[in-house]
Amino acid sequence: MINSLVRRTLAAATGTALLAVATGAIAQQVAAVGSAEISIENFSFAPTALTVAPGTAVTWVNNDEEPHNIVNADPGQPRLFRSQGLDGGDKYTFVFDKPGTYDYVCSVHPHMHGTIVVK
């Protein structure tokens, strides 16, 4: 009796864990249909303007020795994305799933700015 109860509990826990993993994997595949990369170097974003399709994962790579971050800077819109400070070699990725124009800055160095156009 106890053995069968333990087996059923383990089977249920295993099934729940597998379902969670499978659901996460499917969500990732649906969320990111493409990818693009923006380089941070010489205190600028390259390219400064990027056009992508909805569902594209954009990754910023800090190739400077100084820390930078990425913060959306759209007036009148809520904060959609904000990276932590990125040291040299660090990356930050955000999936743009809705059409629109997204301006962003490095809040550490506000003269650094860029634009993502999703269409």
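Residues numbered from 1 in each chain as written. Predicted model: local features only at pLDDT ≥ 70, side-chain atom pairs only at ≥ 80, totals over all residues. Heavy atoms only, no water.

Novice: Looking at this model, I keep getting lost on the packing of aromatic side chains. Mind explaining?
Specialist: Aromatic rings in a pair are described by how distant their centres are and how their planes are angled relative to each other. Taken as a whole, this structure holds 9 aromatic pairs when the rule is applied. Both rings, one in Phe45 and one in Tyr104, keep their centres 4.8 Å apart while their planes meet at 70°; by these two values the pair is edge-to-face. Here the residue Phe45 occupies a position in strand E2 (residues 44–46), and Tyr104 occupies one in strand E7 (residues 100–105), the gap between them amounting to 59 residues. Relative accessible area serves as the criterion here: at 0%, Tyr104 is assigned to the buried category. The interplanar angle of 75° and the centroid separation of 4.9 Å between the aromatic rings of Phe94 and Phe96 together place this pair among those described as edge-to-face. Among the residues examined, Phe94 registers a relative accessible area of 22% and is labelled partly exposed. Overall, Phe96 belongs to the buried group, its relative accessible area being 1%. Three or more aromatic residues joined by ring pairs form one cluster here, namely Phe45, Trp60, Phe81, Tyr92, Phe94, Phe96, Tyr102 and Tyr104. (Phe/Tyr/Trp six-rings, centres within 6.5 Å; stacked < 30°, edge-to-face > 60°. Helix = DSSP H or I, 4+ residues; strand = E, 2+ residues; numbered from the N terminus. Buried < 20%, exposed > 50% of the residue type's maximum accessible area, 1.4 Å probe, protein only.)

Novice: Quick question: what am I supposed to make of the sheet that holds strand E5 (residues 71–72) here?
Specialist: Pairing is mixed in the open sheet, where 4 strands are placed in the order E3-E8-E7-E5. The open sheet has two free edges, formed respectively by strand E3 (49–52) and E5, since each of these has just one partner strand. As defined by bridge partners, E3 adjoins strand E8 (residues 113–118) across 4 bridges and the pair is classed as parallel. Residue Ala49 lies in a different strand from E8, and its bridge partner there is Thr115. (Pairing = 2+ DSSP bridges.)

Novice: Before we go on, may I ask you to explain the side chain of Asn62 in this structure?
Specialist: Counting through the fold element by element, Asn62 comes out in strand E4 (residues 56–62). Within polar-contact distance, the side chain of Asn62 engages the backbone nitrogen of Asp64 at 2.8 Å. Of the polar contacts made by the side chain of Asn62, one reaches the backbone oxygen of Glu66; its length is 2.9 Å. If we skip the residues at most four places from it in the chain, Asn62 touches Ile40, Pro67, His68, Leu86, Asp87, Gly88, Gly89 and Asp90. (Polar contact = N/O pair within 3.5 Å; in protein donor to acceptor, adjacent residues only side chain to side chain. Contact = heavy atoms within 4.5 Å.)

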